[in-house]
Amino acid sequence: MEPVIPSLGWGVLHLFFDVDRARAECDPNAATLVLDAVESLEADGHQALVFAVLGHKADIGVMALGPDIARLQAFQQELLTAPLIPKDSYFSLTELSEYTTTEADERDRLATEENLAGEELEAKLAVWKDRMVHYQEQRIHPNLPKKKVIGFYPMSKRRVAPDNWYELSFEERKQLMAGHGKIGRTYAGRIVQLITGSTGLDDWEWGVTLLADDPVVLKEIVMEMRFDVVSARYADFGPFITGLVLEPVVALERVGLT
Ligand code: 76R
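These remarks concern the structure in this document. Owing to the predicted nature of the structure, the values given are computational and were not obtained by experimental measurement. (Residues numbered from 1 in each chain as written. Predicted model: local features only at pLDDT ≥ 70, side-chain atom pairs only at ≥ 80, totals over all residues. Heavy atoms only, no water.)

## Details of the coordination of the manganese atom of the ligand
Then comes step 1: With respect to protein ligation, the manganese atom of the ligand binds only His180 (NE2), at 2.2 Å.
Then comes step 2: Secondary-structure assignment places His180 in helix H6 (residues 170-185). (Donors = N, O, S within 2.8 Å, 3.2 Å for Na, K, Ca; no water. Helix = DSSP H or I, 4+ residues; strand = E, 2+ residues; numbered from the N terminus.)

## Structural notes on the nonpolar core
Then comes step 1: Ranked by size, the top nonpolar core spans 27 residues in total, and within it Phe17, Val34, Ile60, Phe75, Leu79, Leu84 and Leu257 carry the most contacts.
Then comes step 2: Elements with a contribution of two residues or more to this core: strand S1 (11-19), helix H2 (30-43), strand S2 (47-53), strand S3 (60-66), helix H3 (69-79) and helix H9 (248-254).
Then comes step 3: Of the residues forming this core, the biggest block, six residues, is contributed by H2.
Then comes step 4: Beyond its immediate stretch of four places on either side in the chain, Ile60 contacts Leu15, Phe16, Phe17, Val50, Phe51, Val53, Leu84, Ala251, Leu252 and Val255.
Then comes step 5: Membership of the second largest hydrophobic core comes to 17 residues, among which are Phe16, Leu49, Leu65 and Leu194. (Core = buried A, V, L, I, M, F, W, Y, C linked by side-chain atoms within 4.5 Å. Buried < 20%, exposed > 50% of the residue type's maximum accessible area, 1.4 Å probe, protein only. Contact = heavy atoms within 4.5 Å.)

## Observations regarding the pattern of salt bridges
Then comes step 1: Counted under the stated rule, the structure contains 18 salt bridges.
Then comes step 2: A salt bridge links Arg21 to Asp59, with the nearest nitrogen and oxygen atoms 2.9 Å apart. Of this pair, Arg21 sits in helix H1 (residues 21-25) while Asp59 sits in the loop between S2 and S3, and the two are 38 residues apart along the sequence.
Then comes step 3: Residue classification places Asp59 among the buried positions, given a relative accessible area of 17%.
Then comes step 4: Put simply, Glu103 and Arg107 hold a salt bridge, and the shortest N to O gap is 3.9 Å. Here Glu103 pairs with Arg107, and both are found in helix H4 (residues 103-112), just four residues apart, close to one helical turn.
Then comes step 5: A relative accessible area of 33% places Arg107 in the partly exposed class.
Then comes step 6: Each of Glu106, Arg109, Glu113, Glu114 and Lys124 takes part in salt bridges that share partners, so that together they form one network. (Salt bridge = Lys/Arg side-chain N within 4 Å of Asp/Glu carboxyl O.)

## Notes on helix H7 (residues 215-226)
Then comes step 1: With twelve residues, H7 should reach 16 Å at 1.5 Å per residue; the first-to-last C-alpha distance of 17 Å fits that figure.
Then comes step 2: Within H7, the full set of buried residues consists of Val217, Leu218, Ile221, Val222 and Met225. The arc that holds every buried residue of H7, seen down its axis, measures 125°, which confines them to one face. Seen from the buried face of H7, the exposed residues on the opposite side, beyond 90 degrees, are Lys219 and Met223.
Then comes step 3: Next to the buried residues of H7 lie strand S5 (149-157), H6, strand S9 (206-212), helix H8 (229-234) and strand S11 (241-246).
Then comes step 4: Two or three places before Val216, at the opening of H7, Asp214 has a side-chain oxygen 2.9 Å from that residue's backbone nitrogen. (Expected span 1.5 Å × (residues − 1). Arc of directions from axis to C-beta. Polar contact = N/O pair within 3.5 Å; in protein donor to acceptor, adjacent residues only side chain to side chain.)

## Things to note about the site of the ligand
Then comes step 1: Close contacts around the ligand come from 24 residues, with Thr101, Tyr153, His180, Arg185 and Ser231 the closest.
Then comes step 2: Within the side chain of Gln193, one N or O atom sits 3.2 Å away from a nitrogen atom of the ligand.
Then comes step 3: A distance of 2.6 Å separates an oxygen atom of the ligand from a polar atom in the side chain of Ser231.
Then comes step 4: For the shell around the ligand, the secondary structure elements donating two or more residues are helix H5 (118-140), S5, H6, strand S8 (192-197), S9 and H7.
Then comes step 5: Top element by residues in the shell around the ligand is H6. It accounts for five residues.
Then comes step 6: When its residues are assigned to classes, the shell around the ligand shows 13 nonpolar, eight polar and three charged. (Near = heavy atom within 4 Å. Nonpolar A, V, L, I, M, F, W, Y, C, P; charged D, E, K, R; others polar.)

## A closer look at the environment of Thr101
Then comes step 1: Counting through the fold element by element, Thr101 comes out in the loop between strand S4 (84-94) and H4.
Then comes step 2: C-alpha separation for the pair Thr101 and Ile241, spaced 140 residues apart in sequence, amounts to 30 Å.
Then comes step 3: Excluding its chain neighbours within four sequence positions, the residues that come into contact with Thr101 are Glu106, Trp128, Met132 and Lys174.

## What about unusual backbone geometry?
Then comes step 1: Here Ala161 and Pro162 are connected by a cis peptide whose omega angle stands at 5°.
Then comes step 2: As for its placement among the helices and strands, Pro162 is situated in the loop between strand S6 (159-160) and strand S7 (163-164).

## Section: the packing of aromatic side chains
Then comes step 1: Enumeration according to the criterion identifies nine aromatic pairs in this entry.
Then comes step 2: Centroid distance Tyr99 to Phe170: 5.7 Å. Interplanar angle 20°. Geometry classified as stacked. Here Tyr99 is found in the loop between S4 and H4, whereas its partner Phe170 is found in helix H6, with 71 residues between them in sequence.
Then comes step 3: Assessed through its relative accessible area of 31%, Phe170 is described here as partly exposed.
Then comes step 4: Through a chain of ring-to-ring contacts, the aromatic side chains of Phe16, Phe51, Tyr90 and Phe152 assemble into a single cluster. (Phe/Tyr/Trp six-rings, centres within 6.5 Å; stacked < 30°, edge-to-face > 60°.)

## Here we look at the side chain of Thr94
Then comes step 1: Structurally, Thr94 is set in strand S4.
Then comes step 2: Taking relative accessible area as the criterion, Thr94 reaches 2% and is therefore assigned buried.
Then comes step 3: A polar atom in the side chain of Thr94 sits 2.7 Å from the backbone nitrogen of Trp10.
Then comes step 4: Within the structure, the side chain of Thr94 is placed 2.8 Å from the backbone oxygen of Ile140, a separation counted as a polar contact.
Then comes step 5: Residues contacting Thr94, with those up to four places away along its chain left out, are Leu8, Gly9, Trp10, Val12, Arg139, Ile140, Pro142 and Thr196.

Following this line, the structure appears as structure tokens:
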């Protein structure tokens, strides 16, 4: 199978299934088919999170990501050999944001907000640069942490006058996104967010994946961002789905696949 490697970023598939109970009952290998597919995907340098979905939007979800989208498609197909009925899906790519703070922005902030200059400023800037290298690498090639809950929803920026995000100047958008980033950073350590781009690839412009140990934090961050102008005025949201991230074998057991 010939690999298809995006020139920037990794492919991300969010897959949602119901269990086909009739087939599952007479298939003694039901769980093994899924477990083997996950194991071989991971052996090929990709990652997968398996989660039991809360509510009846689906029974089980799998978030799979990695460098080769042909490999992800093969994985998607392998899962269908198990007694699973596809319910929904989302395809996106990891990306860097064009609004990421630049070195010049941070230098400016250190000088004006923290009143730093000379060596002191340079030292702080060097620490920031190190952190940014790591941050950007994590956005493009994320290493998904094991948290207890996952939240996923697609979103777009609004394009309806007078609230057309795409008609704002880059400076206006960057300034608004700085406010968004500031709120986001107050959640450091409590939430891991992965914003993946899907403009032209799937029905919305981004997939938002949130991982946390406490489901309250998922609710809090989304609520707080609703009051921030970027979300309040310029964002539209698709359906939300929440799940319990578990060891694959446990997640499968919870939905009746053994
Ligand atoms: O300052 C920086 O350099 C990075 C700041 C940053 C960018 C550029 C950032 C920080 N985000 C960025 C881009 Mn975000 N984010 C969302 C949602 O529910 C909602 O209202 C919105 C869904 C959440 C919860 C969230 C969380 N962010 C984006 C973009 C791309 C916009 C574009 O390109 O036009 C979207 C769609 C988006 C949406 N954001 C943060 C967070 C959190 C927690 C942070 C801070 C954490 C961190 O810095 O790692």
